[in-house]
Amino acid sequence: MTQVAGRERAPWGGRTWARWAVAGLAAAAAALALPQPAQAFEEPEAAGIVIVGVPGLTWSDIDESVTPNLWDLADQGASAAMSVRTLGSWTCPEAGWISLGAGERAGGVAPRDAQCSAQSSLQPPADTGEGWTVEGWDAFIEANSAFNYGARLGSLADALAEAALQQEAAAAEAEAEGESAPEMNPGSCVAGIGNGAALAAADTEGRIAYWAPGLESLPEAMAACDVVIVDPGVVVGDTADHAPDTTTDYDQLGEDDTEVGTEETSPVEDAGEIEPEADPVRAAAAQQADTAVAEVRDALPEDWRLIVAGISDASAPSSLHPVLYTGPGVERGELTSSTTGRDGYIQLTDLTATALAVVGADIPATVAGAPVAVRPDEGHTAAGAVAKGTDETAASAANADVSPNFYWSLSFTGVLVMFLAAHYTAGKDRFRRTARTVLIAFSTVPVAALIAGIPPWWRADHPKLAFWGLIAAGVIILTTAVSLPWTRQGVRPVLIIAGVCAGLIAVDQISGATWPLHTPMGYTAQAGARFTGLGNYAFSVFAAAILLLVCFIPWRGRTRVWGPLAIGVCSVIIVGAPMLGRDMGGTLTLVAAGILCCLKLWGRRLSLGSLALAGGIAFAVFAVGGILDYLRPEEDQTHLGRFVGSVLDGSAQLILIRKARAALGTIDESMAFISFAALIAAVLIWRVRAPIRTSPVAAAVVGLTTVAVIGGLVNDSGMAIPGFTAALGFGLLAVAVGPRPDTPAPIEAEEATKAPAAT
């Protein structure tokens with residue numbers, strides 16, 4: 001963009017830089033597969049397990065006086081907040097039950113209205129005389145075949161049936177060899193109590209090994225099968241009078257699960273905002289569920305385990321729901337699973353895997369969940385668990401509430417800022433000082449949104465006001481900090497803002513990734529897409545910040561080679577390591593962008609060969625990291641290792657199709673507008689300021705463009721990747737480039753003698 005001097009080549013001769021690059025990337029690939037901390041507690045086997053599902057049950061429903069049995073379970077066992085996300089923005093009971101039986105996100109047949117009235121009216125299975133079968137099972141199969149999750153309905157029952165066949169085969173083999181046959185377990189099946197439980201207990205043909213309508217048959221069900229699913233026939237929800245409408249959500253079923261906090265994953269406006277409040281109908285339903293739990297506990301043998309879970313939402317909007325786990329070998333504490341990687345959080349599909357693990361059955365590849373593990377805590381109490389669960393639920397809901405406005409505000413403001421950047425770098429001298437300040441201020445918004453996750457803003461009396469107040473404060477502080485006489489010179493504002501952004505994210509990932517959990521820059525747990533690691537939006541600004549640092553730090557001598565390499569390797573580890581970022585698409589993107597950026601920075605001419613080299617190395621790092629992750633124990637694998645497993649078992653195409661459809665669906669979403677505006681502004685600047693003759697600017701353009709293009713293609717967030725990349729990087733790059741040399745702005749002319757040009 002500037003007309004300054006020619007390119008410089010890297011000071012090291014020969015192929016030394018290549019050897020450094022290979023060594024660094026090899027280290028990064030190895031680091032991507034470093035093992036995560038071992039599970040803190042290994043559960044012994046139990047004779048069986050009962051899962052009681054209570055649709056609509058929330059943490060706020062658990063009260064010492066109203067629901068004493070649930071309170072006692074929360075006090076004696078382990079607990080967690082559970083995302084019940086299946087298809088669409090909220091999960092109704094029918095979808096929750098069918099997903100429990102499938103171990104994968106699945107949908108119901110009845111319409112999903114805001115009050116879940118259609119999917120709450122479940123019918124009992126038909127008695128064929130030789131057993132029970134779910135009527136209309138083919139309709140469930142057909143409905144779910146339209147979604148790209150590949151849910152195999154009935155996987156729970158089929159896995160236990162397969163375990164029974166394996167026992168029979170082992171017995172036959174032992175008998176043939178004249179050895180004593182192993183003792184057979186006649187209970188390798190799933191029994192259902194109640195209408196909803198029939199959907200979870202059915203096998204792939206819709207058949208049920210044992211079913212009964214009421215809890216009086218529970219002892220008989222436990223005698224017949226090792227896994228018993230119980231639907232007490234109650235939905236804990238508000239009355240219909242508390243909802244403004246019963247709009248049916250037909251919009252993005254199966255397509256809107258890609259990234260938490262987007263307008264797709266947040267409650268749709270016409271779904272009906274339901275404010276939780278004291279409701280005698282809700283309290284009565286919770287008491288009814290508590291009574292059913294007491295009856296189950298009285299009938300439960302000492303060597304059986306019990307899970308009580310809010311199996312689904314009762315209405316829109318979606319929420320987190322409690323899971324209470326007790327029984328032999330279950331200590332007091334918090335639950336976690338490898339699918340969330342965060343203590344105190346699990347997913348609905350984890351219950352399926354847990355049931356199979358408890359009774360010793362193999363977990364099939366069709367089950368997306370993982371067995372839960374207990375993090376023992378001697379100080380665990382019911383009061384503490386309920387308070388934490390209620391707070392987590394409120395935080396998740398508040399984040400979902402503010403996210404759409406944040407994205408639209410950022411994008412629409414960004415459109416104006418992109419064209420302001422074009423004016424600043426290629427237009428006339430008028431308003432340049434103001435334009436520079438606005439560019440810097442806008443680039444701090446994503447950083448301020450990251451900082452906003454540190455204090456618990458959702459606990460304020462007015463959460464929205466508190467959130468926007470934190471954003472405004474962050475913008476003012478950061479903008480002021482880079483506008484002081486000793487910080488505003490040259491590219492110092494760029495380095496400071498990019499450094500703060502990269503440093504915040506790096507510290508957060510190393511310390512446990514706690515800040516983005518409840519901010520629009522991260523993820524919201526109720527959507528179930530990501531619970532820890534580096535979200536797609538945070539990755540975009542992190543990658544932009546890293547590339548700006550690599551390009552505009554005034555490297556000298558040999559540091560021009562190993563300095564960018566060191567930053568690049570560390571950033572790849574932060575993005576992709578399973579104990580840190582866990583972002584497989586981000587790893588692929590950042591490696592490719594980093595290589596091309598460094599080549600340009602070192603004065604190399606980019607060609608098809610260099611593009612192929614960058615792509616090949618990026619894919620190699622991605623593949624090596626994925627394979628090493630896949631070779632670890634299944635309970636420790638991240639989604640990178642599980643993706644490799646899906647490639648090996650042939651189901652990867654469903655994942656890729658789903659991600660591609662999700663990415664295409666973002667073309668008309670909020671962050672797409674700022675992406676298109678950045679593209680137009682870049683063309684305008686290019687027409688006036690081309691050709692780019694300085695290595696730092698050229699390298700930054702190449703790196704940011706690569707992140708925007710590849711990131712948008714390989715991540716399911718689609719247009720949000722270039723949008724957030726532009727939100728941080730475009731304005732800062734314009735500040736680094738500066739105004740046209742023939743018409744310098746006053747501030748640049750004033751400081752030209754104080755600091756050497758960086759571009």
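Residues numbered from 1 in each chain as written. Predicted model: local features only at pLDDT ≥ 70, side-chain atom pairs only at ≥ 80, totals over all residues. Heavy atoms only, no water.

(A) Molecular detail of the pairing of strand β9 (residues 304–309). Burial analysis of β9 places six of its six residues in the buried class, the great majority of the element. As paired elements, strand β1 (residues 48–53) and β9 share six bridges and run parallel to each other. Directly across from Gly48, in β9, lies its bridge partner Trp304. Sheet topology places β9 next to strand β10 (residues 320–326); four bridges connect them, and they run antiparallel. If you follow Ala309 over to β10, its bridge partner there is Val323. (Buried < 20%, exposed > 50% of the residue type's maximum accessible area, 1.4 Å probe, protein only. Helix = DSSP H or I, 4+ residues; strand = E, 2+ residues; numbered from the N terminus. Pairing = 2+ DSSP bridges.)

(B) View of the sheet that holds strand β3 (residues 126–127). With respect to topology, three strands assemble into an open sheet ordered β3-β4-β6, the strand pairing being antiparallel. Because the sheet does not close on itself, it has two edges, and the strands there are β3 and β6 (207–208). Two strands pair when backbone bridges link them, and β3 and strand β4 (residues 132–133) are joined in this way by two bridges, in the antiparallel orientation. When the bridges of β4 are listed, Ala126 appears paired with Thr133.

(C) Fine view of helix α14 (residues 463–481). Its 19 residues place the ends of α14 27 Å apart at the C-alpha level, agreeing with the 27 Å of an ideal helix rising 1.5 Å per residue. Taken together, the buried positions of α14 are Phe467, Ile471, Gly474, Val475, Leu478 and Thr479. Along the axis of α14, the buried positions cluster into a sector of 120 degrees, meaning they face one direction only. Set apart from the buried face of α14 by more than 90 degrees, the exposed residues are Leu465, Ile476 and Ile477. Structurally, α14 contributes buried residues whose contacts are with α11 (382–426), α12 (432–443), α13 (445–451) and α15 (492–511). (Expected span 1.5 Å × (residues − 1). Arc of directions from axis to C-beta. Contact = heavy atoms within 4.5 Å.)

(D) Fine view of the state of the cysteines. If you walk through the whole model with that rule in mind, you get two disulfides. Cys92 shares a disulfide with Cys116; S-S distance 2.0 Å. For the disulfide bridge between Cys92 and Cys116, the dihedral angle about the S-S bond is near -75 degrees, and by the sign convention the bridge is left-handed. Of this pair, Cys92 sits in the loop between β2 (78–83) and α3 (93–102) while Cys116 sits in the loop between α3 and α4 (117–120), and the two are 24 residues apart along the sequence. Here the two residues Cys92 and Cys116 agree in accessibility, since each one is buried. The disulfide bridge from Cys189 ends at Cys225, spanning 2.0 Å between sulfur atoms. Across the disulfide from Cys189 to Cys225, rotation about the S-S bond amounts to roughly -105 degrees, and the bridge is consequently left-handed. You can see Cys189 sitting in the loop between α6 (155–176) and β5 (190–193) and its partner Cys225 sitting in the loop between α8 (218–224) and β8 (227–230), a full 36 residues away along the chain. Taking the relative accessible area as the measure of exposure, Cys189 reaches 15% and is therefore buried. (Disulfide = S-S within 2.5 Å.)

(E) Here's a closer look at the packing of aromatic side chains. Under the counting rule described, the total for this entry stands at 14 aromatic pairs. Geometrically, the ring pair formed by Phe406 and Phe467 is edge-to-face, given 6.0 Å between the ring centres and 75 degrees between the ring planes. One end of the pair, Phe406, is in helix α11; the other, Phe467, is in helix α14, with 61 residues separating them in the sequence. The residues Phe406 and Phe467 share a single accessibility class, namely buried. An angle of 80 degrees between the planes, with centres 6.1 Å apart, marks the rings of Trp457 and Trp458 as edge-to-face. Linked through ring pairs, Phe406, Tyr407, Trp457, Trp458, Phe467, Trp468, Tyr537 and Phe724 together constitute an aromatic cluster. (Phe/Tyr/Trp six-rings, centres within 6.5 Å; stacked < 30°, edge-to-face > 60°.)

(F) Molecular detail of the confidence of the model for the protein chain. Within the protein chain, residue pLDDT values average 78, and 76% of them lie at 70 or more. Predicted confidence is poor over residues 240–276, with pLDDT under 50, and the contacts of this stretch with residues over four places away or in other chains come to 109 contacts. (pLDDT = per-residue confidence, 0-100.)

(G) Representation of the pattern of salt bridges. Across all of its chains, the model carries nine salt bridges by this definition. We note a salt bridge from Arg375 to Asp343, for which the minimum N-O separation is 3.1 Å. Separated by 32 residues along the polypeptide, Arg375 in strand β13 (residues 373–376) and Asp343 in the loop between β11 (333–336) and β12 (345–347) bring together distant segments of the chain. Given a relative accessible area of 34%, Asp343 falls into the partly exposed group. Across the pair Asp391 and Arg459 runs a salt bridge whose closest N-O atoms are separated by 2.9 Å. You can see Asp391 sitting in helix α11 and its partner Arg459 sitting in the loop between α13 and α14, a full 68 residues away along the chain. On the basis of relative accessible area, Arg459 is assigned to the exposed category, the value being 54%. Connected through salt bridges with shared partners, the residues Glu334, Lys388 and Glu392 form a single ionic network. (Salt bridge = Lys/Arg side-chain N within 4 Å of Asp/Glu carboxyl O.)

(H) Main features of the nonpolar core. With 104 residues, the main nonpolar core has Phe406, Met418, Ile471, Phe552, Phe724 and Leu728 as its most contacted residues. Here the element with the most residues in this core is helix α16 (residues 536–552); it accounts for 15 residues. Filtering out sequence-adjacent residues up to four positions away, Ile471 remains in contact with Phe406, Val445, Ala448, Ala449 and Ala452. Core analysis: the second largest hydrophobic core is formed by 53 residues, Ala106, Leu156, Val227 and Val359 among them. (Core = buried A, V, L, I, M, F, W, Y, C linked by side-chain atoms within 4.5 Å.)

(I) Focus on a nonpolar patch on the surface. On the surface, a cluster of nonpolar side chains totalling about 250 Å² of accessible area is made up of Phe419, Ile680 and Leu684. Here Phe419 shows up in helix α11. Accessibility expressed as a relative area gives 33% for Phe419, which makes it partly exposed. (Patch = residues over 30% accessible without salt bridge, like charges linked within 9 Å, V, L, I, M, F, W, Y side chains within 5 Å. Areas by Shrake-Rupley, 256 points an atom, 1.4 Å probe, with all protein chains shown as cover.)

(J) Up close: the side chain of Ser155. Considering the arrangement of structural elements, one finds Ser155 in helix α6. Residue classification places Ser155 among the buried positions, given a relative accessible area of 1%. Engagement of the side chain of Ser155 in a polar contact is seen with the backbone oxygen of Arg152, the distance being 2.6 Å. (Polar contact = N/O pair within 3.5 Å; in protein donor to acceptor, adjacent residues only side chain to side chain.)

(K) Representation of the packing of α15 against helix α24 (residues 720–737). As a packed pair, α15 and α24 sit with axes 10 Å apart at the nearest point and diverge in direction by 155 degrees. Classified by the angle between their axes, α15 and α24 sit roughly antiparallel to one another. α24 is crossed by α15, and the crossing has left-handed handedness. Of α24, the residues touching α15 (which contributes Val494, Ile497 and Cys501) are Leu728, Leu732, Val735 and Ala736. Grouping the constituent residues of the contact of α15 with α24 by class yields seven nonpolar, no polar and no charged. (Axes fitted to C-alpha atoms, helices over the stretch in contact; angles between N-to-C directions. Parallel < 35°, antiparallel > 145°, perpendicular 65-115°, else oblique. Left-handed = near helix turned anticlockwise from the far one by under 90°. Nonpolar A, V, L, I, M, F, W, Y, C, P; charged D, E, K, R; others polar.)

(L) Representation of the packing of α16 against α24 in the model. Viewed as axis vectors pointing N to C, α16 and α24 meet at an angle of 25 degrees, and their least axial separation amounts to 7 Å. In terms of their interaxial angle, α16 and α24 are classed as roughly parallel. The two elements α16 and α24 cross, and the hand of that crossing is right-handed. Here α16 contributes Asn536, Tyr537, Ser540, Val541, Ala544, Ala545, Leu548 and Phe552 to the contact with α24, which in turn contributes Ala720, Ile721, Phe724, Thr725, Leu728, Gly729, Leu732, Leu733 and Ala736.

(M) Structural detail: the side chain of Ser411. Its location among the elements puts Ser411 in helix α11. A residue is classified by how much of its surface remains accessible, and Ser411, at 0% relative accessible area, is buried. If we ignore the near neighbours within four places in the chain, the residues touching Ser411 are Ser670, Met671, Phe673 and Ile674.

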